[in-house]
Amino acid sequence: MLSFVSAVGSVVLGTLAHVGGVFKLLVQTLFWLVIGPFKKKPPSRKNIFAQMVFSGVNSLIIVFFVALFTGIVLAMQSAYQLAQLGAVMYVASLVAVSMARELGPVLTALVVAGRVGAAITAELGSMKVTEQVEALQSLALNPVRYLVVPRFLALVIMLPCLTIFSDLMGMLGGYLVGVFNLNINSGMYINITLKFLTLKDIYTGLIKSVFFGMIIALIGCYMGLNTKGGAEGVGRATTVSVVTSFILIILSDCVLTGIFYFSNM
Amino acid sequence: MQEKDVIVEVKDLVKTFDGRTVLDGVNLKLRKGETTVIMGGSGCGKSTLLRHIIGSYVPDSGSITIFGKEITSLEESEFDKIRKKFGMVFQNSALFDSMNVEDNLSLALREHTELAEDIIKIMVKMKLELVGLRGFEKLMPSALSGGMRKRVGLARAIAMDPEIIFYDEPTAGLDPIVAGVIDKLILDLGKKLQITSIVVTHDMKSVFSVADRIAMLYEGKVIAEGTMEEIKHSKDPRVQQFITGSPDGPIKFFMDSGGYLEELTK
């Protein structure tokens, strides 16, 4: 009994320590992001652009791929349901709204967490275990400023951009099914999409993706910078990073959707 | 001999990792312009001591002063001002994999100085010339041999013209010639530029070629400290055993505490 209590206790304490660590990292990141430039220590622009290319531009194809096929599947599945109500043409609005509000931001975030979050943890983790992080410190370069801030900024900027493309590709997928399979007139499909899709649907999705970007960057960097124990440690940290990001993305999606829903946004 | 200014002072430093005491009250003074060698067997806490001085680890108790400033309670931004005055050569070089040799060397210059890019390029060339690797600017660290990486690591450590350089096992794993070159570099930097050096090593050849003063660390304590002659003629059997590298003596190879037969027949 006692060992059970102590086991639960140590898990809780361990988790709390990690939560504290991530918040500390967030505070430090925001400090270097906001206060740093005034102290003549802005994050390196070259690094930020390199990270934006890596996390944004290089993720485009896989995001396109996932969103397009999600749109197609979504259209087919909803057509199957809506056909029973005789309202097949509403496939257009259903695909558009669910892509913009939910699937666009979430699926993009999950793809990017798997691709970029894992890469961040693996890179920072191997830097940590080969003393490169210490080497940075010994050169009086703050690892948070030098390593975390560019990745954080890149993800917070690029994830919403990717989400916009993802929304569009999802709608294109729906359009393909609607026009070529359900025989909805092309102009009609676009009209219905535009009629039901409001700006609010899009920006709530984008607000979500900003939060997801923060989650992916913070968890990825935190796990990387706290890697211990050689190559195996890097592997473990990467797994934990991706799993944690996934869980937090879904969890915060639920919370944010709740907030938007109950505040009638 | 005239007492030189003490620029690094370690007092009663204690550090415990998972219940194992690694540093158990270390006292050490490092004087300006001198090369102090910290020697001791593997796992005696040499590298740990160094990591405390550069601020990677926070001690459980005790104090470290560098340039008269207590660093264990110093704010990160204040500490960075001190860090700019020292360089560190890491055991495994710790070069940044994602950057070529030139960027490795120029990173600190770009970040901390307002120097123009062409001046930085010239400075990088000069530092590489010092370690005999001019012309290797565009290579990535993965394309270099262990000895070359170490020399680049040394060049990176001196890129900002530091006042103190810390060497963590600078000659470990190098062939005798490269090791000799590194030793000569350490000497040159100390003598010509009045740089204070702290060398952590267990390579006795290196110890006797570079040291002004030697401190021997054993079981988390400094057991002997003095000039090279004093250490060479030390009466302490532990010091003598370490110098001669004898397997028999007060320093035991076996870390366990007896009961071998019992453990086998348990």
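Residues numbered from 1 in each chain as written. Chains lettered and ligands numbered in written order. Predicted model: local features only at pLDDT ≥ 70, side-chain atom pairs only at ≥ 80, totals over all residues. Heavy atoms only, no water.

Draft legend 1. A look at the state of the cysteines. In the structure shown here, the tally under the stated rule is 0 disulfides over all chains. Considering cysteine sulfurs only, A:Cys221 is the nearest to A:Cys161, which forms no disulfide, with 19 Å between them. (Disulfide = S-S within 2.5 Å.)

Draft legend 2. Representation of the environment of A:Leu153. Residue and element names in this part refer to chain A. Residue position: leucine 153 is located in helix H6 (residues 143-180). Leucine 153 gets classed as partly exposed once you look at its relative accessible area, which sits at 21%. Leucine 153 sits 44 residues away from alanine 109 along the chain, and the two C-alpha atoms are 15 Å apart. (Helix = DSSP H or I, 4+ residues; strand = E, 2+ residues; numbered from the N terminus. Buried < 20%, exposed > 50% of the residue type's maximum accessible area, 1.4 Å probe, protein only.)

Draft legend 3. Spatial organisation of the sheet that holds strand E9 (residues 213-218) of chain B. Residue and element names in this part refer to chain B. Within the open sheet, the 6 strands sit side by side as E6-E7-E8-E3-E9-E10. Their pairing is mixed. The sheet terminates laterally at strand E6 (86-89) and strand E10 (221-227), the two strands that pair on one side only. Going from strand to strand, the sheet's axes swing by 15° on average, the running direction of each strand aside. Note that strand E3 (residues 35-39) and E9 share 4 bridges and pair parallel. Pairing of threonine 36 across the sheet is with arginine 213, part of E9. Packing against the sheet, helix H1 (residues 46-53) makes contact with E3, E6, strand E7 (164-168), strand E8 (196-201) and E9, and its axis sits at approximately 150° to E7. Contacts from helix H9 (residues 237-244) reach E3, E9 and E10, with the element oriented near 105° to E9. (Pairing = 2+ DSSP bridges. Axes fitted to C-alpha atoms, helices over the stretch in contact; angles between N-to-C directions. Contact = heavy atoms within 4.5 Å.)

Draft legend 4. How the structure looks around the domain arrangement of chain B. Residues and elements named next belong to chain B. Split by domain assignment, chain B resolves into domain 1 (6-85 + 162-265) and domain 2 (98-160). One C-alpha centre belongs to domain 1, the other to domain 2; they are set 27 Å apart. Facing 12 residues of domain 1, the contacting portion of domain 2 comprises 11 residues. For the pairing of domain 1 and domain 2, the buried interface totals around 980 Å² over both sides, and the portion due to carbon and sulfur atoms is 78%. The largest per-residue losses of area from domain 1 upon contact with domain 2 belong to Lys84, Pro162 and Leu185, which jointly make up 44% of the total buried on that side. Connecting domain 1 to domain 2 are 0 salt bridges. At the boundary of domain 1 and domain 2, one finds 1 residue pair in polar contact (both at pLDDT 80 or more). When residues of the side of domain 1 that touches domain 2 are traced back to their parent elements, those giving at least two are E7 and helix H6 (176-193). Counting residues per element, the side of domain 1 that touches domain 2 draws most heavily on H6, which supplies 4 residues. (Domains from an automatic or database assignment. Buried area = accessible area lost by both parts, 1.4 Å probe. Salt bridge = Lys/Arg side-chain N within 4 Å of Asp/Glu carboxyl O. Polar contact = N/O pair within 3.5 Å; in protein donor to acceptor, adjacent residues only side chain to side chain.)

Draft legend 5. Representation of the interface of chain A and chain B in the model. If you look at the interface, chain A gives 16 residues, while chain B gives 22 residues. If you sort the residues of chain A by the area they bury against chain B, A:Glu131, A:Ser138 and A:Leu139 come out on top, with a joint share of 29%. Remark: the boundary between chain A and chain B carries 3 salt bridges. Notably, a salt bridge pairs B:Arg51 with A:Glu131, separated by 2.2 Å at the nearest N-O pair. At the boundary of chain A with chain B, the tally comes to 8 residue pairs in polar contact (both at pLDDT 80 or more). Put simply, the parts of the chain that give the side of chain A that touches chain B at least two residues each are helix H5 (132-138) and H6 of chain A. Broken down by class, the residue content of the side of chain A that touches chain B amounts to 7 nonpolar, 6 polar and 3 charged. (Nonpolar A, V, L, I, M, F, W, Y, C, P; charged D, E, K, R; others polar.)

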